[in-house]
Amino acid sequence: MKIMARCRGHVLLNILAFSLALTLVFTLVANILPQVEGEAPQDEEVDLGALTMDSFISMGESIFSGKGTCTLCHNSLGRAPDMLVLNMVETANERIKDERYQGKATTAEDYLRESMLEPGAYVVKGFGKKGSNDTISPMPVVIKAPILLSDIEVDALIAYLQVKDGNEVTIALPAEAPEQDAEAEPEATEAVAVATPVKTAEEAINKYFCAACHTIQESESPVGPNLNNVGSRLSVAEIRQSIIEPNAVIAEGFAEGMMPQDFSQKMTVSELELLVEFLASKKQ
Amino acid sequence: MSLLNNLFVLFGKRNNFTPGGTRLKAISFLLLALLFVTASQFDFSLDPIQQAYAADVDDVAEITKPVGQVHVEGDPEPVLEETQLENTPTEETNELLAAPQPKRKDYPNIGVSSRSIVWIIAQMHLYLAAFVLAVPLFVLVIEWVGVRTKDERYDDMAHEFMKISMTAYSLTALFGGALAFALFLLYPQFMAYMMRVFNTQTLVYAFLFFAESACLYIYYYSWNALRYGDRKYVHLTLGLLLNVVGTTLLVVANSWATFMMAPSGVSEAGAVTGSIWEIMKGPLWNPINLHRFIANIAFGGAVVGAYAAYKFLSAKTQEAKAHYDWMGYTANFIAILAFLPLPFAGYWLMAEIYAYSQQMGITAMGGILAWLFIVQAVLIGTILLAGNYYLWSGMSRTEGSQRYTWMIKYIAFVLVTCFLVWVTPHTLILSAAEMKTLGGSHHHLLGPLGIMPAKNIAVNLMLIATFLSFQLYRRADKVATVSWEKAGNALMVAIYAVAIINIIFAGVYYGYFTNTVYKVGSSVMQVASTLLVIISGVIIDAFMYKDAKPIPAVWGKISNRAQYALFALPVAFTWLMALMGYVRSSVRTHWHVYTVMKDNSPDNFIPAIGYAGNMLTIVTIMFLLIVLFIFWIASLGESRQKIPEAAA
């Protein structure tokens, strides 16, 4: 009986070792893959007083690839029309004239807004819901869940879609904060509120969408140079210059003109210094 | 006692009153009746605290203040002040309450990630529940085969499988209870909402759990008492009842998960507008039901296969080895047979997810979660390679297998090649310098192998190769005696050839030279080709080998190494189940209930695959330890201490 018990113990240990080794292989595979977290969209605060058309368009671009989740389908893989390739103003004007068009828009701006709020008004051939013969659009209404864009965000998106191909922006900058429902909880809505000046470097990074192009903290992007080690490459003066005068020196391997040129007009002195100090400390 | 007597009178049993069994039945009946009466009297509407959460009222204390007033006896009763709060819904408005939208501060913080706690407990509950619901399904089939063939080995094996599931059952209930406590503690607003939506259905679930326990214990403990003759059919009926109740439990619990993914029967704001049936039958309910039903059988088969392997490796006699070898073979047969249609059930589920929300579908397949399908490929590759290896090793049991061994190297080549294609990633996260060196974001040769058409070809060919191994194994110990053997084999080869050509052609032509709509359509052709091979193979072999001449097979004549393949299966299945649970849950992104109730907790982000992988490993190891404990306990029951010798 003792022999049997010893044998069973031995077998159990072997099985355990084998199973653990196999489990660790799976764990290893999971850990060597690119590590990307899916952040929940944050309610952005827009300083309407300091809002310029450039920052408004930049906000639209950020929504296009972020909170709006547009790039999930509107990309080169063919799930939906590739809006980055199409000139959306020209496309909108063509579709308004199409006999299949059932909406009320008369301008490209109206069409773009309508396509986000009433996607069924015009379903692009070949992109309708399966089995609907292109009569039902799979596109979600962007002001409803799960996307929940605010009116200002929809306008920013339209401005971005107009300007990305060199068209004139017809959207007016929002002049004042939208009226808030007096009874609504501020955190429970997506409404945009007037912001106070940023107090931390992290807030400044979010405000100026640095992470859209640069690898910074947990966020990764290969478009611009990695900022997590910028403090070991550049001096404080060079970092300051690269923000307010980006084309003065171009990092090797990156194209000129990618970085917005107007941060010197947009940023307050305190925001600039917060960022410079923060980036100079990044010596990873 | 008079109530009991009245009850007996009611049933005409007064004269047969005995203090033993009948009284017990009567008391049980009385308790059940009381349970129903109590349940029917119970007010299932929200209590004030839940209403506070639901209505987003901050001042809970105000709601919980006393509603009555003390007064001196004899004095006139004071007029009570209006205590109805502004935000507290009246009975009429209760049904139209919107889903609560808790803020971050509303989530209890116990110093450890709430999601991680719920993740671990829920996964453990799911593993054990899947196992205990699956085992009786195939046990009933095995028992039925035993009756039909009059071979008692089947009956003994079925009984032994049930023995393993009995220990797991109590652990399932313990983890289920712990999960409920954890959810109510850590996500009170969410649970309040779910209780409001599902209402008395949760009590039906509880009742089903009692019924499941009763059926399970009666089925197991009456095994030998109802073993032969007509009594055996009573036992089979009990088994059927157990499975009906178990499957009902499964689909009821599934409705909670699918409601969270694709809510139905509620308004855009989450207010209940439909009946409980409308809430349950959301667009993803049936696809999930089918997928989980099949996956549970594969998982259960894999776990009992591991038990057989453990017993085989521990066995000291040839007889025991032969018994557990046969048990391991049967368990592997169940696991692989259930596993083969699983990708098709998964395909239906994903198609329904896309139909419900293209955004949700792309989040799973082409968005942030796309990378984990590489891990899935590794896991399914492990399962198929281990399953095939076991079949090839098992062919050594009979001399007849020599006719087919030359094909094994080709099957292995197809499996490995397809596996490599499957794990090839499409999009790489590259630095600017790497992108420049590569000449783009995709490798010119490997890039095309990374997209779905290539993977569809790979997975279908892997399934066909596995079925071929399975078919060869089944044929190894027989010689067909029918006159049309050659024609039948030629037909089988032609079906394989046409299916393989069709799978490759559809994948390459429609996958690379047409747009996305045709890509999706072509995968249906591929799936149909694979199913054609499997179904026609089973039918042709059934007729061709009906009166075949058997070639002796020696059970127990298999390597120890092959038994480890039987362990690789449950390990990979366990990890895979947790991985798919992570995907299913993550496609809701930052929503508790998609589009209806936002998740504002600190854990409302989709964790990176590495973090998730570590969590999955923790739960897998925990489950493996529990499984080994169950095996050990089952073996312990067979041990008996010798009578101590009398003291000198």
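In this report, the structure presented in the accompanying data block is examined. (Residues numbered from 1 in each chain as written. Chains lettered and ligands numbered in written order. Predicted model: local features only at pLDDT ≥ 70, side-chain atom pairs only at ≥ 80, totals over all residues. Heavy atoms only, no water.)

Further remarks concern the layout of surface pockets. All names here are of chain B. Considered as a void within the structure, the second largest pocket measures approximately 880 Å³ in volume. Taken together, 33 residues line the second largest pocket, and the ones lying closest to its centre are Y154, W326, Y329, F333 and R474. Elements represented by at least two residues in the lining of the second largest pocket include exactly α6 (114-149), α7 (152-186), α13 (318-339) and α20 (452-476). For the lining of the second largest pocket, a count of residues per class yields 21 nonpolar, 4 polar and 8 charged. (1 Å grid on protein atoms, 1.4 Å probe; cavity = no way out; pocket = protein on both sides within 12 Å on 5 of 7 lines; lining within 4 Å. Points joined across faces, edges and corners; volume = space filled by probe spheres on them. Helix = DSSP H or I, 4+ residues; strand = E, 2+ residues; numbered from the N terminus. Nonpolar A, V, L, I, M, F, W, Y, C, P; charged D, E, K, R; others polar.)

The interface is formed by 65 residues belonging to chain B together with 50 residues belonging to chain A. The largest share of the area that chain B buries against chain A comes from Q358(B), Q359(B) and Y564(B), three residues that together contribute 12% of it. Our count for the chain B to chain A interface comes out at 1 salt bridge. For K144(A), the salt bridge identified is with E268(B), shortest N-O distance 3.0 Å. On the surface where chain B and chain A come into contact, there are 7 residue pairs in polar contact (both at pLDDT 80 or more). Sorting the residues of the side of chain B that touches chain A by element identifies α12 (285-314), α14 (342-356), α15 (358-365), α16 (372-394), α18 (432-438), α22 (516-544), α23 (560-586) and α24 (609-636) of chain B as the ones contributing at least two each. Looking at the side of chain B that touches chain A, the element that brings in the most residues is α24(B), giving 13 residues. (Contact = heavy atoms within 4.5 Å. Buried area = accessible area lost by both parts, 1.4 Å probe. Salt bridge = Lys/Arg side-chain N within 4 Å of Asp/Glu carboxyl O. Polar contact = N/O pair within 3.5 Å; in protein donor to acceptor, adjacent residues only side chain to side chain.)

Another point: the side chain of N388(B). All names here are of chain B. Structurally, N388 can be placed in helix α16. For N388, a relative accessible area of 0% gives the class buried. Only 3.0 Å separates the side chain of N388 from the side chain of T466, close enough to count as a polar contact. Here N388 is in contact with I411, L415, A465, T466 and S469, once residues within four sequence places are set aside. (Buried < 20%, exposed > 50% of the residue type's maximum accessible area, 1.4 Å probe, protein only.)

This next bit is on empty space enclosed by the protein. Using the criterion set out here, one finds 5 cavities of 30 Å³ or more in the structure. Of the volumes computed, that of the largest cavity is approximately 560 Å³. Taken together, 35 residues make up the lining of the largest cavity; nearest its centre are H74(A), M83(A), S115(A), S137(A) and M139(A). At the level of elements, α3 (88-97), α4 (108-117) and α5 (151-163) of chain A together with α15 of chain B are the ones that each hand at least two residues to the lining of the largest cavity. A volume near 100 Å³ is recorded for the second largest cavity. Lining the second largest cavity are 13 residues, and of these A306(B), F567(B), P570(B), L624(B) and V627(B) lie nearest its centre. Elements that contribute at least two residues to the lining of the second largest cavity include exactly α1 (2-32) of chain A together with α12, α23 and α24 of chain B. A per-element tally of the lining of the second largest cavity places α24(B) first, with 5 residues. Looking at the lining of the second largest cavity, its residues break down into 11 nonpolar, 2 polar and no charged.

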